[in-house]
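# Geometric and topological summary
One letter stands for each residue in the lines below.
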Amino acid sequence: MTAPDKVSDVFAFVAKHAEFTTGILFAKDEVPEIRPEEREAIGAVIGHVQASYVALLSRCRDDILARAQGDDAFVATIERNWNRDDSLWDRGRVDVPLLIEASYVDVAYFWIDQESHRPGVLNLVGEIWTQARRRDALRRVAAQCKEPLFMSSTGNLRMLAPELKEGALFADLSRTLVDALWPRLVDIRTALMKKE
Amino acid sequence: MSNGEARAYVEQIVAFGKQLKPAAVDDLDRRRAFVEELVRLSRDLVALPPVPATNIEAFRERIMPHVDSIMRVVAGAQALRRRALNEEQRAAIDVLSVPGDLLGLLGQERSEVAHTAALGAFLNTEPRSPFPALAQACAREFEEVLRDAHSRNGGSPLPALRLDESHVDCEHALPTGDRVDVVLESRAAIVFVEAKIDAEARERQLDDYADALDARAKFDPRHRVLVFLTVRANQAAGTTRVHVHVTFLDLLRAWLPLAAGGMRGAHDLARYLKTIATHLCSIASRGAFDEWPLHVQRRCLEFLEKGTTP
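Computed from a predicted structure; not experimentally measured.

Below, the discussion takes up the overall build of chain A. Across its full length, chain A holds seven helices and five strands. Starting at the N terminus, the α and β elements of chain A follow one another as α-α-α-α-α-β-β-β-α-β-β-α. By the compact-globule yardstick of 16 Å for 196 residues, chain A fits well, its C-alpha radius of gyration being 18 Å. Dimensions of chain A along its principal axes, counting C-alpha atoms only, are 55 × 35 × 35 Å. Looking at chain A as a whole, 57% of its 196 residues are labelled buried. Restricting to contacts in chain A with at least 6 residues of sequence separation, those with at least 24 account for 61%. Carbon and sulfur atoms make up 50% of the accessible area of chain A, which totals about 8,700 Å². Put simply, chain A has 26 plus and 31 minus side-chain charges, and the middle of one group is 7 Å from the middle of the other.

Below, the structure is given as structure tokens:
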């Protein structure tokens, strides 16, 4: 099966119906209320959704890795902690570790999530996460930034790609998101490294 | 990946595995190099796990035009499931429906230090503590959690620890410079609790704490318990020393009835349990139960009905 490279009508539907997707399509437990033929149809589409999901998130990681070339330590950190496709799908996100020390890890990750200004819709999201005790570095970078930045309710720096509309190319969605995230990611990684 | 390629790959892995001789296992650098090579090799295994046969057309026909009615059916069924809960289970939902969670309001919902302080507050039975009576009840339940977990793992029965009359020290400094997250001391026992949320135990961390407990045994006859408190039940403690592994979900299950009761401080406990349920266990969400996403409602119902999460 060739990996998808754009948003299909089904993937666009899945993104547009977050409650259905998170509550039923992605449910790891049984949803006994739905009818057998509906269950069968859902089971038969998972392969396509999984392939789209993995391809889109992998594309984001590839774009980050491409930009990291030249920073050997960063490239090595990313490559040593490469999420396999199946673990990416199981965890629902792809991680790009920024810095790894003995008892903590700071990480950027890409996943598909809801956002308060687009309720009920799943978006491609890039976030930078640090442990709570190391979040000051992240806040300082955000405060010094001239452009407005989203901070999630849990204190992560958060960027969104355009909507997952039918026909949108994964390459374009990823590029838009990584373009926005990359400068902040570099600043935050630098700040976290200085802190050590 | 063809059969031939798969065979060659497996042979490569087996040959590589034979390179790590027993003598090399104790060498940290060689062990690390081995794991790094293993990770590199695993990246070559690009084939996806088998996925079910794809039939997009069936989804287009049976699901996409009817999604609203499907959602209504599921929501209705969950409402019925909720109505079937007993009084105690419904009270637990009321607790988890409190408007705000204690640590989330401060942006500290996954901070180990903040959780440690909260645990200390709800376990401190000293008279000058904020809620001594509630803390006694919390400590009794905590002792039961330890007892259950210890016997579940095949340990000999724990003696009475008398934690309902213990005092608590958070971030307790050891002579080695280490800090134990929570230390409970009663007339009968001394309990070290190491909590982990978004981190792994550092190498030998629990061994060091076990050593510190053992060192006290020379002049202190009280029973000694080392506790590893984590979000994930399968998180590695990294020690072979005797310890009791419990989870925040265990704690939540034990303390929910107390938060539903009328003791002084119960409302504060409810707000703390909302933090655990929302941010550590994913069985609650912001606001009241009716406002939560369907899958979170379902996880919560599963937890209340069976005591576990899916």
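This is not the end of the story, as more comes after the structure.
Across its full length, chain B carries 12 helices and five strands. If one aligns the C-alpha atoms of chain B with their principal axes, the spans along those axes are about 70 × 65 × 35 Å. Relative to its 310 residues, chain B shows a buried fraction of 46%. Sequence-distant contacts, at least 24 apart, represent 58% of the contacts inside chain B between residues at least 6 apart. With 40 positive and 44 negative side-chain charges, chain B shows a separation of 2 Å between the mean positions of the two kinds.

This part takes up the nonpolar core. By size, the foremost hydrophobic cluster in this structure holds 71 residues, and its most contacted members are Phe20(A), Leu25(A), Phe110(A), Leu124(A), Ile128(A) and Phe59(B). Other than its neighbours up to four places away in sequence, Phe59(B) contacts Val10(A), Phe13(A), Val14(A), Phe20(A), Leu25(A), Ala41(A), Ile42(A), Val45(A) and Met64(B). Within the second largest apolar cluster, 63 residues are counted, among which are Phe131(B), Cys138(B), Leu301(B) and Leu304(B).

On to the interface of chain A and chain B, then. Of the residues lining the interface, 41 residues belong to chain A; the matching set on chain B comes to 36 residues. Each partner contributes to the roughly 3,700 Å² buried at the junction of chain A and chain B, and carbon and sulfur atoms together form 65% of this total. Scanning the region where chain A abuts chain B turns up two salt bridges. The partner of Asp9(A) in a salt bridge is Arg60(B), with the nearest N and O atoms 2.6 Å apart. In this structure, the connection of chain A to chain B is made through six residue pairs in polar contact (both at pLDDT 80 or more). Contributions of two or more residues to the side of chain A that touches chain B are made by α1 (9-16), α2 (18-25), α3 (36-68), α4 (72-80) and α5 (85-91) of chain A. The element best represented in the side of chain A that touches chain B is α3(A), accounting for 11 residues. Of the residues that constitute the side of chain A that touches chain B, the class distribution is 17 nonpolar, 11 polar and 13 charged.

All names here are of chain B. Packing of helix α5 (residues 67-83) against helix α12 (residues 294-306) leaves a shortest axis separation of 11 Å and a crossing angle of 25 degrees. Relative to α12, the element α5 lies roughly parallel. Crossing handedness for the pair α5 and α12: left-handed. Across the interface between the two elements, Met-71, Val-74, Ala-75, Gln-78, Arg-81 and Arg-82 from α5 touch Leu-294, Gln-297, Arg-298, Leu-301, Glu-302 and Glu-305 from α12.

Moving on: unusual backbone geometry. All names here are of chain B. With a phi close to 65 degrees, Arg-204 is a non-glycine residue in the positive phi region. According to the relative accessible area criterion, Arg-204 is partly exposed, its value standing at 41%. Despite not being glycine, Ser-282 has its phi angle at roughly 55 degrees, a positive value. Along the chain, Ser-282 falls in the loop between α11 (266-280) and α12.

Turning our attention to the packing of aromatic side chains. Residues and elements named next belong to chain A. Taken as a whole and judged by the stated rule, the model has 12 aromatic pairs over all chains. Judged by centre distance (6.1 Å) and plane angle (70 degrees), the rings of Phe-13 and Phe-20 are edge-to-face. Grouping residues by exposure puts Phe-13 and Phe-20 together as buried. Here the guanidinium or amino end of Arg-61 rests over the ring plane of Trp-82, the centre of that ring lying 3.9 Å away. Sitting over the face of the ring of Tyr-109, Arg-93 holds its NZ or CZ atom 4.0 Å from the ring centroid.

A few words now on the pattern of salt bridges. Residues and elements named next belong to chain B. Scanning the model with the defined rule gives 42 salt bridges over all chains in all. Among the salt bridges present, the one from Glu-305 reaches Arg-81, with a minimum N-O distance of 2.9 Å. Separated by 224 residues along the polypeptide, Glu-305 in helix α12 and Arg-81 in helix α5 bring together distant segments of the chain. Owing to a relative accessible area of 35%, Glu-305 belongs among the partly exposed residues under this scheme. Among the ionic pairs, Arg-241 bridges to Asp-214, the shortest N-O distance being 2.8 Å. Of the two residues, Arg-241 sits in the loop between β4 (223-230) and β5 (244-247) while Asp-214 sits in helix α9 (residues 205-216), which places them 27 residues apart along the sequence. A single network of salt bridges, built from pairs that share partners, joins Asp-178, Arg-202, Arg-204, Asp-207, Asp-208, Asp-211, Asp-214, Arg-224 and Arg-241.

The next thing to look at is the sheet that holds strand β5 (residues 157-160) of chain A. Residue and element names in this part refer to chain A. Taken together, five strands build an open sheet; the order of strands is β1-β2-β3-β5-β4 and the sheet is antiparallel. Looking at strand neighbours, the two that pair on one side only are β1 (93-101) and β4 (150-151), the edges of this open sheet. With nine bridges joining them, strand β2 (residues 104-115) and strand β3 (residues 118-129) adopt antiparallel strand pairing. The partner of Glu-115 across the bridge, within β3, is Arg-118.

All names here are of chain B. Two elements in contact, helix α6 (residues 87-96) and α12, have axes separated by 10 Å at closest approach and are oriented at 140 degrees. Considering their axes alone, α6 and α12 lie oblique with respect to each other. In this structure, α6 crosses over α12, and the sense of that crossing is right-handed. Contacts between α6 and α12 pair Gln-89, Ala-92, Ile-93 and Leu-96 from the former with Cys-300, Leu-301, Leu-304 and Glu-305 from the latter. Here the residues of the contact of α6 with α12 are counted per class, giving six nonpolar, one polar and one charged.

This paragraph deals with the pairing of β5(A). Residue and element names in this part refer to chain A. Of the two faces of β5, the one lined by Leu-157 and Met-159 and the one lined by Arg-158 and Leu-160 are each fully buried. Pairing geometry for β3 and β5, over four bridges, is antiparallel. What sits directly across from Glu-127, in β5, is Arg-158. Of the strand pairs in this sheet, β4 and β5 are connected by two bridges, and their pairing is antiparallel. Its bridge partner being in β5, Phe-150 is matched across the sheet by Arg-158. If you look at the hairpin formed by β4 and β5, you'll find five residues sitting between the two strands, and Gly-155 has a positive phi there, around 85 degrees.

Reading guide: rules and limits
Residues numbered from 1 in each chain as written. Chains lettered and ligands numbered in written order. Predicted model: local features only at pLDDT ≥ 70, side-chain atom pairs only at ≥ 80, totals over all residues. Heavy atoms only, no water. Helix = DSSP H or I, 4+ residues; strand = E, 2+ residues; numbered from the N terminus. Rg over C-alpha atoms; globule rule 2.2 N^0.38 Å. Buried < 20%, exposed > 50% of the residue type's maximum accessible area, 1.4 Å probe, protein only. Contact = heavy atoms within 4.5 Å. Areas by Shrake-Rupley, 256 points an atom, 1.4 Å probe, with all protein chains shown as cover. Lys, Arg positive; Asp, Glu negative; His and termini not counted. Charge placed at Lys NZ, Arg CZ, Asp CG, Glu CD. Core = buried A, V, L, I, M, F, W, Y, C linked by side-chain atoms within 4.5 Å. Buried area = accessible area lost by both parts, 1.4 Å probe. Salt bridge = Lys/Arg side-chain N within 4 Å of Asp/Glu carboxyl O. Polar contact = N/O pair within 3.5 Å; in protein donor to acceptor, adjacent residues only side chain to side chain. Nonpolar A, V, L, I, M, F, W, Y, C, P; charged D, E, K, R; others polar. Axes fitted to C-alpha atoms, helices over the stretch in contact; angles between N-to-C directions. Parallel < 35°, antiparallel > 145°, perpendicular 65-115°, else oblique. Left-handed = near helix turned anticlockwise from the far one by under 90°. Phe/Tyr/Trp six-rings, centres within 6.5 Å; stacked < 30°, edge-to-face > 60°. Lys NZ or Arg CZ within 6 Å of the ring centre and 35° of its normal. Pairing = 2+ DSSP bridges.

On their own, these measurements won't tell you what the molecule is for.
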